[in-house]
Amino acid sequence: MMNYFMILAVLLPLRTCYATYSNEDSLVFPITYLNISKDSTLQQLLVEWDVGNSAHDAELAMSFEIQVRRDDENTIVWTEFHNITLDKSGKPLHWIWDSDLPLECMSHSVRIRSKAEASKIWSQWSLWENVLGLDTSNNSGPQIFPNEKIVEEGSDITFCCIARKGRIIKELFLEPVAHNFSHINSQVGLLTVKSGVYQQRHHMTVYCQESCSEDECLESAVFLVGKPPDTPNDFSCQTQDMRTVTCTWSKGEDTYLYGHNLPKYTLFEELSKKMLPCTVSCSEQCSCSWDIGQQRFCNITVTVENPLGKKTASDVFNVTHRIYPTAPFQLWGKCTDTEITLYWNHRNKGIELFCQTEVVQPDGKVELHNSSDTHLHSASMTLGGLQPYTEYTVRVHCGAAKHFWRWSEWSEAQTIRTKESTPSGELDIWREITPVMGGRNVTLFWKQADSFRANGRSISYEVTWEKLEDGSKSEIISFSSVYNRTGIFIDNHSYRITVKAKNNVNYSLPSVLIIPRATGPEEPKEEQVNGTDDGIFISWEPRHMYDSYIIDWCNFPRLQPCDLQWKRFGPNVSSALINSAAFVPGVRYSFRVYGSVANRASLLEKKTGYFRELPPVSDPVVEKIELTFNAVTLSWDSYPTNESQSGFVRGYHVYLSPTQEDCSLEGSKKHVLQDDSVLCKYTIENPEEKRYTVKHLLSNTKYKLVVKAYTGGGETPIVNFIYIDTPLNSNMLYLLALLVIVPSLVAALCCWKMKWMKECCCPIIPSPNKSKVLSFKEFKIGSEKVLKISDCIPDMLTMDNKAEAQKLNLWNQLPSTPTEDKINSHNSSWLYPKENEERDFTSTSTPQTRTWFENFAYSSHLAGDSGPYQILETLEESVLGLSEVLYQPHHYLGILNEDAVSTPRETAGRKTSPRYISHTDVHCLGRRL
C-alpha cells in the first residue's frame, strides 16, 4: 500500500506537467517550497519560495499572489501580486514585506499561489507558513517594541507592549502627551503616534503598565527622533601638488543623532576597488585627503549613513585637471604717481600659473586685473591708470594656466599709495557781493569740484584779484587747506578774481571769476516754489547767451554766516531739484538763479520755498473788534506773513459758533471739529487782507469766534476762542418808541387839548352875539344881532328865481342886489365879486332877488342830513327861526334875481344835487369870521 502511494505521488506531477504543455490555459505550477523569516531591525518579513522543477526547464512568465495574515486578527492584512520570469537557474524566489507593526508583537503567516501569465487557472494555495511573535514566549516582564530605539522624524510609528502570560496591559502611553491605546488581546497593547505629536522633539519615552503595582509590572523605553543623512552636496576632489588629493563636500543638515548614531563617512575608489585610507573631518564642510601616488584617473564615491539611512555621491576626474594652487605670499610693490608694480612668490613648483589682481579704489570700487604672463616660481604684474597720491588695496590669487580648475585662495591684502603729482582739474568758486559805502564787500567761496584732485599730501589755496580797467597791481592772499572762504573789499570798478590750489609739486589750473562794474539795485521779483519729498524743485527761463547757470542758497538761512551753497548747471538745463541734508520742514529757503558767460554772472531770477510747509507758528492776534447789532468786524493788522512763518500764509479762516448747525449764514461753510461740534467757516484767500466782517448775526446774542491763518501745511488746531455779545438793535428801540410812546403822547395831548381840538376839528356853532363882527348895533331881529350882508364879501354868489324867495316872506326885510347874471342849466349862476368891492343891499317891500353865502370854517349838525334847499323849506315854516338859519355857515346864501324862475322840477333837482363851493376864506370888512 505504501509503495502505491509513493508511485502515485511521482506520477501525478508528471501528469500535470504533461497536461500543462498540452494546453497552455491549464498550466498549473504549485508551490513546492515556502519559507519565512523576519528582520526585526527593519521590521521586514523575508519570504522565499519555489515551484516545481519542471517550471525551470524553460523561461516562463509567472504570476504569484501573496497574502499576509496576523494570526490573532484572523484577517488578511496584505495582498500583493508579484510577476516574475523564471529562468533555468532554479534559484528560489524572494519577496520582502515591510510591516507597519513590530513583528515581535504577534505571529504572522504567509501563503502563496501561482499561475502562468498565459493561464487563467491558479494553483492551490500553499499552506500558511508562520513566523511567531513574542506573545507566545514566557517573558519576565512587559516588553516594548520595536527594539530599535531610533525613530525617523516625520513618520508615523506604532508601539506595542507584550505583557507576561496571565497578565493584562493596563496602560500604554507616551510622555508628555497621553494617547489612547488599543488591545490586540488582553496580553498585547498597541499605541500609534502620528508625526505631528513629536515634531521638533528629539526624544520620547513610552511607558507600559500591567495590571499590577510591583516594579516589574512597569516598563519604559526611550526612543530617539532623528533624520537620515543628507546626500553629500558639492562633492569634488582636487590637488595642489599632484601628489595629494583632497575631496570636499557639504555635510548637510543636522540629523539630531549623536554618539555612535552620528553620520559615518566612507570613501571608496571604484577603479582600484579600494577603501580610501583617509580620516574625514567636518567643520563648515567635510574633507578627506590621501596620497594618490602615480594614479592620474580616479572615480571616488563617498557614502554617509546613520541608523535611519544612507546616501552616496561620486566624482570622476583627471588629477592634472584638478589643480588648486596654493595662495601667493610675500606680496610687495613699487609705484609711481600713476602705476604700481606688484611682486609675489608661490609654492606651486613646476606648475604654470595664471594670476589675477584685485584693486580696491578709495571709494570702495573693486577692479580686477589679469596678468598676461604665466609664472613658475615668482611673479609680477604692473597696474596702470591710477590716481596720484592715492591709497589702493591689492591682493592676488592664481590658477593653473593649463586645464584651469579654480582660483587659489587670495594672498594677504597690501595697501600701497602712489606718489604725488600736480593738482588736476579746477576749483569751483563763487561769490556773494554786499554793497557798502565806497565800494563792495565780496565774500569769496571755493570748493573742490568733482573733477578736481589734490594729488598731494598737503594743499593750500592762493587768491588773486586785480582791477580790469587800469591794469593796477594784483593783490594775493594764501590760505591753508582748512579754509574755504575769504572776504575782500573792492571799489565799484570791474575786477578779475583768481583762485588756485597748490601742493608740494605745483599749482592747479586757475579758476577765474569776473566781478562786473557796480550798477543800480535791479532785483527781480521773488517767486514761490514748492518742495517735494526729495528736495525743492527750481526752474528758470533759459537764455541762449549763457554758457552755464548757477543756483545758490543758504543751508541755514537763520544763522550768520548762513553756510552759502551753490551748484552749477550746463547751458541746456532749465530746472533742478535742490536737495540737502540740512533742509528741514518749516524753514523758508531763498534761491538765486544766475546766468554765467565768460566767467561773468548775472542775477536772473529769485525763488523762495519750503522743503515742506508746516502750519503757522502762531495764530493771528485780533487787535480790534467792532460790533454792531448784526455784524462783527475783526482786525489783525500786525500778523506777519514773512520768512518767520513755517509756510507761505495762503489766507485766513474765521470760525464762528452758529445758531443753527447747518451754517446757513451767507459766505460760510459747515466745519465739524474732532469732538463733533460745529462751526461756521469763512475763508479769506488774500494773506494781506487782515480785516473781515461777519454779517447777518442776531442782535443781543452770544457768539464765539477764532481767526486762524493757514499755509500749505494746514493750520493749527482750534483751541482758544474770542467771546462776543452783539448789542440790542437800536432801530427796534426806535420802532418801539414810535409804537408805544408817540401814541401815548398823542393821546395825552389829545386829552389835554380836547376842547381846542374840538373847536378846531369839530367846532360848536358860535353864537352871533359872541362874534366880534357883531359888535355893532345896526340891525337886530328880535333879540339877536344880525350881520349885514354889506359887511362881508362872499367867495361865491348864486342866484335863484324869486318865486322861491316869495315863499319865505323873508326878503321884505333883506336888501336886494342890483346885480344879475345869467342862469345856468339849473337856473342859477355863480357870481364872483371883485375884491374890496362893497355892496349895499337895501330892503324893499317886493322881494325880487335872494342871495346866500357859504363859509366852510363852520359846521352845523343841521348840515349832516340836509341840503341848502331843505333849510329853505324849514325857513318857510317859521319866520322866527330866520336868524338861526341865516347863520349856518355851511349853507348857501343866494341872491335871487327877480327874473330867475325855477320850475318845481328844477327845484327838486337842486334839492337832490350836491353843491360844491370854493373853500376860500370869507372876508368881512377886513376881519376874519
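Here, the structure is the one placed above.
In what follows, the accompanying structure is described. Everything quoted here is computed from the prediction, not taken from an experiment.

What counts, and where the lines are drawn
Residues numbered from 1 in each chain as written. Predicted model: local features only at pLDDT ≥ 70, side-chain atom pairs only at ≥ 80, totals over all residues. Heavy atoms only, no water. Buried < 20%, exposed > 50% of the residue type's maximum accessible area, 1.4 Å probe, protein only. Helix = DSSP H or I, 4+ residues; strand = E, 2+ residues; numbered from the N terminus. Pairing = 2+ DSSP bridges. Phe/Tyr/Trp six-rings, centres within 6.5 Å; stacked < 30°, edge-to-face > 60°. Disulfide = S-S within 2.5 Å.

## Observations concerning the pairing of strand 47 (residues 651-656)
Then comes step 1: The buried fraction of strand 47 is high, at six of six residues.
Then comes step 2: Alternating positions in strand 47 separate into two faces, Gly651, His653 and Tyr655 on one and Tyr652, Val654 and Leu656 on the other, with burial throughout.
Then comes step 3: Pairing of strand 47 with strand 51 (residues 702-710), which is carried by six bridges, proceeds in the antiparallel orientation. Each residue of the ladder has a partner; that of Val654, found in strand 51, is Val707.
Then comes step 4: Bridge count for strand 47 against strand 49 (residues 678-684) is five bridges, and the pairing is antiparallel. The partner of His653 across the bridge, within strand 49, is Thr683.

## Quick notes on the packing of aromatic side chains
Then comes step 1: Enumeration over the complete set of coordinates arrives at 26 aromatic pairs.
Then comes step 2: Ring centres of Phe479 and Tyr483 lie 6.0 Å apart, and the angle between their planes is 55°; this geometry places the pair in the tilted category.
Then comes step 3: A relative accessible area of 14% places Phe479 in the buried class.
Then comes step 4: Its relative accessible area of 45% is what places Tyr483 among the partly exposed residues.
Then comes step 5: Grouped by ring-pair contacts, the aromatic residues Trp553, Phe583, Tyr589, Phe591 and Phe611 constitute a single cluster.

## Brief notes about the pairing of strand 29 (residues 391-400)
Then comes step 1: With respect to burial, strand 29 is a largely interior element, seven of its ten residues being buried.
Then comes step 2: In this sheet, strand 29 lies alongside strand 26 (residues 353-360) in antiparallel orientation, the contact comprising eight bridges. By the bridge assignment for strand 29, Thr357 is matched with Val396.
Then comes step 3: Note that strand 29 and strand 30 (residues 414-417) share four bridges and pair antiparallel. Paired with Glu391 across the two strands is Arg417, which belongs to strand 30.

## Details of the state of the cysteines
Then comes step 1: Under the counting rule described, the total for this entry stands at nine disulfides.
Then comes step 2: Paired through a disulfide, Cys105 and Cys160 show a sulfur-sulfur distance of 1.6 Å. The sign of the -85° torsion about the S-S bond sets the Cys105-Cys160 disulfide as left-handed. With Cys105 in the loop between strand 5 (93-98) and strand 6 (108-116) and Cys160 in strand 10 (residues 157-162), this residue pair connects regions lying 55 residues apart in the sequence. An identical accessibility class is assigned to Cys105 and Cys160; each is buried.
Then comes step 3: Shown here is the disulfide that connects Cys212 with Cys217, its sulfur atoms set 1.6 Å apart. As the torsion about the S-S bond is roughly -120°, the Cys212-Cys217 disulfide counts as left-handed. Accessibility classification places Cys212 together with Cys217 in one group, the buried group.
Then comes step 4: Between Cys298, a cysteine without a disulfide, and Cys237, which holds the nearest cysteine sulfur, the sulfur-to-sulfur distance is 7.6 Å.

Function cannot be inferred from these measures alone, as they are strictly geometric.
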